[in-house]
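# Tertiary structure, described
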Amino acid sequence: MFEEVELDDGAVKLYRRHTNGGGRVALDAQAHSTAYIADSTWVDSGAAVRAGAHLGPHSWVERDAQVEAEVTIGEHAHVGAGAVIGAGSRLGSRARVGAGVQLAAGTVVAPEARVERRALARRRSVSSPTPGVTDRMSRARA
């Protein structure tokens with residue numbers, strides 16, 4: 001069973017419903033059978049959701065993002081393109097992890113917090129709800 005979704009550029013993408021939760025997973029994305037993906041959640045092309053991950057309602061994992069094992073993502077949370085969420089991490093509801101961000105294993109991102117683009121979270125807690133605040137992050141070296 002597949003669903004067609006027309007993108008802004010007119011391209012049509014195919015999604016399948018995940019067997020555990022019913023969330024939409026792009027045909028070229030990976031979602032482990034033990035992951036829970038809520039019915040209203042989307043996993044885009046090239047993304048991977050590993051064993052035991054739990055993606056809450058209305059969350060979104062963009063293209064090429066990696067959600068490692070035992071990660072919990074709250075409702076309305078967003079994982080940007082190419083981001084990596086380390087094993088055992090937790091994203092609170094309405095948290096946002098930007099494109100290319102890498103969160104270390106066990107990182108906790110508070111509800112409504114934002115981790116900005118291309119940052120590498122080195123500490124185990126990101127609590128600022130203010131966009132653009134980097135006092136708990138270090139810039140990734142290019």
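Glancing now at the overall build of the protein. The secondary structure content of the protein amounts to zero helices and 21 strands. Classification of the 142 residues of the protein by burial places 40% in the buried group. The long-range share in the protein, meaning contacts at least 24 apart out of those at least 6 apart in sequence, stands at 2%. Total accessible area on the protein stands at roughly 7,400 Å², and carbon and sulfur atoms take up 47% of it.

Tallying each qualifying case throughout the model produces five salt bridges. For R24, the salt bridge identified is with E3, shortest N-O distance 3.0 Å. Of this pair, R24 sits in strand β3 (residues 24–26) while E3 sits in strand β1 (residues 2–6), and the two are 21 residues apart along the sequence. Taking relative accessible area as the criterion, R24 reaches 16% and is therefore assigned buried. In this structure, E68 engages R50 in a salt bridge whose closest nitrogen and oxygen atoms are separated by 3.6 Å.

Quick look at the packing of aromatic side chains now. Enumeration according to the criterion identifies one aromatic pair in this entry. Aromatic pair Y15 and W42: ring centres 4.9 Å apart, planes at 85°, arrangement edge-to-face. With Y15 in strand β2 (residues 12–17) and W42 in strand β6 (residues 42–43), this residue pair connects regions lying 27 residues apart in the sequence. Exposure remark for Y15: the relative accessible area of 4% places this residue in the buried category.

Among the secondary structure elements, S45 is positioned in the loop between β6 and β7 (48–49). Taking the relative accessible area as the measure of exposure, S45 reaches 14% and is therefore buried. Sequence separation between S45 and V25 is 20 residues; the distance between their C-alpha atoms is 7.9 Å. With residues up to four places along the chain from it excluded, the contact list for S45 reads K13, A26, D28, R63 and D64.

The rules we used
- Residues numbered from 1 in each chain as written.
- Predicted model: local features only at pLDDT ≥ 70, side-chain atom pairs only at ≥ 80, totals over all residues.
- Heavy atoms only, no water.
- Helix = DSSP H or I, 4+ residues; strand = E, 2+ residues; numbered from the N terminus.
- Buried < 20%, exposed > 50% of the residue type's maximum accessible area, 1.4 Å probe, protein only.
- Contact = heavy atoms within 4.5 Å.
- Areas by Shrake-Rupley, 256 points an atom, 1.4 Å probe, with all protein chains shown as cover.
- Salt bridge = Lys/Arg side-chain N within 4 Å of Asp/Glu carboxyl O.
- Phe/Tyr/Trp six-rings, centres within 6.5 Å; stacked < 30°, edge-to-face > 60°.

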